[in-house]
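Summary of structural features
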Amino acid sequence: MAKATRQAFGESLARLGESHPEIVVLDADLSKSTKSELFAKKFPHRFIEMGIAEANMIGTAAGLSFTGKLPFLCSFGCFLTGRYDTIRLSVAYAQANVRLVGTHAGVGIGDDGHSQMGLEDITLMRALPTMGVFQPMDARETELLMDFLVKEWKGPAYIRLTRQNLPDLFPAGAKFQPGKLMQIHKPAAEAQVLCLATGASVADAVQAAKELESTGIAMSVWNAHSLKPFDDETLTAISEKVKLVIAVEDHSVIGGLGTCAAECFAKISRHPRLVKLGIQDLFGESGLPNELYDKFGISAKAIAQRVTSELGQKNR
């Protein structure tokens, strides 16, 4: 059943709170939107409403982590990263065991417009030493990622979540491998194109792959839930036989998934051509999510058209 990853996060947080009394949750007057309210209703004495004071929330969470607590601090991604200096010093530099939760990622939030859209958050968080950066593609992967971040990950982590509902894509019964790329769509024929996608863009990439198959173009789709650490080893192996790699994300093309791929390819002598699809050094704007995905070239239709165009140019 389609569900927003923010909803799956809230449900997972409330579930994990039962067996992990060290979890505490802080929110900056957005608990209904971030879904941290689900934890607050269940564990009111472990929930702190900080008001519209994100910097104070970040510092408080860092302090709590050094008393043995596991703080989850929640807000829109753009509002959290707007307090970058505080995150840099109080969380990353201090190596605080904190989970920063940024919801309402990308232009997919629609009508709310640029002031609410997290479009540069992955770039900023990836640049911080000690910081892990994660973005699940659907509800099930969110649940599995939350288990990992509570039970295994040590140190700072940033989790990027959607406002909009996303289709279920995580294969039934599949094992979650933290930090590893996962193939989500395998074409019938040997793949000519490799598509890397993350978060909400995985669903559009899968739909694009199906559309391309009807035209004779075989494209495999791999999901990247971990932007840092990034799985260089798998990308190097799976890109050896393809003509083209497409990286798709609802985020700036500067510093996001496409940059992860470029950094990987910079370490090896031979690799296929890389095309980065995302927000091309632009601000977001208001509109319906599907209209914005078309405008910024990250809808299924736009991905398929770009792949067809790129292959045609290469064959000339």
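In case you missed it, the structure is sitting above this.
The following refers to the structure shown. It should be emphasised that the depicted structure is a prediction, and the values quoted were computed from it without experimental measurement.

1. Quick notes on the packing of aromatic side chains
- Considering all chains together, one arrives at six aromatic pairs under this definition.
- Ring geometry for Phe-134 against Trp-153: centres 5.2 Å apart, planes inclined by 85°, an arrangement best described as edge-to-face. A residue pair is termed long-range when its members are at least 10 positions apart, and Phe-134 in strand 6 (residues 132-134) and Trp-153 in the loop between helix 8 (139-151) and strand 7 (157-160) qualify at 19 residues.
- Each residue in the set Phe-134, Phe-148 and Trp-153 is aromatic and connected to the rest through ring pairs, giving one cluster.
- The residue whose ring lies beneath Arg-46 is Phe-43, and the NZ or CZ to ring-centre distance is 4.4 Å.

2. A word on empty space enclosed by the protein
- Per the stated rule, a full pass over the model turns up one cavity of 30 Å³ or more.
- The space that makes up the largest cavity amounts to roughly 40 Å³.
- If you go around the largest cavity, the residues you meet are Ala-105, Gly-106, Gln-135, Arg-160, Thr-162, Thr-198, Gly-199, Ala-200 and Asp-250.

3. Quick notes on the side chain of Thr-198
- The topology assignment puts Thr-198 in the loop between strand 10 (193-197) and helix 9 (201-213).
- Discounting residues that sit within four places of it in the chain, Thr-198 has contacts with Gln-135, Asn-223, Ala-224, Leu-227, Val-248, Glu-249 and Leu-257.

4. Considering the environment of Leu-16
- Along the chain, Leu-16 turns up in helix 1 (residues 5-19).
- Separated by 69 residues in the primary sequence, Leu-16 and Asp-85 place their C-alpha atoms 30 Å from one another.
- Apart from the residues within four sequence positions on either side, Leu-16 is in contact with Ile-23, Met-146, Asp-147, Val-150 and Lys-151.

5. Considerations on the sheet that holds strand 4 (residues 70-76)
- A sheet is described by the order of its strands in space; here seven strands give the open sequence 3-2-4-5-7-6-12, paired in mixed fashion. Each edge of the open sheet is held by one strand with a lone partner, namely strand 3 (47-49) and strand 12 (226-228). Sheet twist, expressed as the mean angle between neighbouring strand axes with direction ignored, is 20°.
- Across three bridges, strand 6 lies against strand 7 in parallel orientation. Bridging across to strand 7, Val-133 finds its partner in Tyr-158.
- Contacts from helix 4 (residues 54-65) reach strand 2 (23-27), strand 3 and strand 4, with the element oriented near 165° to strand 4.

The rules behind each value
- Residues numbered from 1 in each chain as written.
- Predicted model: local features only at pLDDT ≥ 70, side-chain atom pairs only at ≥ 80, totals over all residues.
- Heavy atoms only, no water.
- Phe/Tyr/Trp six-rings, centres within 6.5 Å; stacked < 30°, edge-to-face > 60°.
- Helix = DSSP H or I, 4+ residues; strand = E, 2+ residues; numbered from the N terminus.
- Lys NZ or Arg CZ within 6 Å of the ring centre and 35° of its normal.
- 1 Å grid on protein atoms, 1.4 Å probe; cavity = no way out; pocket = protein on both sides within 12 Å on 5 of 7 lines; lining within 4 Å.
- Points joined across faces, edges and corners; volume = space filled by probe spheres on them.
- Contact = heavy atoms within 4.5 Å.
- Pairing = 2+ DSSP bridges.
- Axes fitted to C-alpha atoms, helices over the stretch in contact; angles between N-to-C directions.

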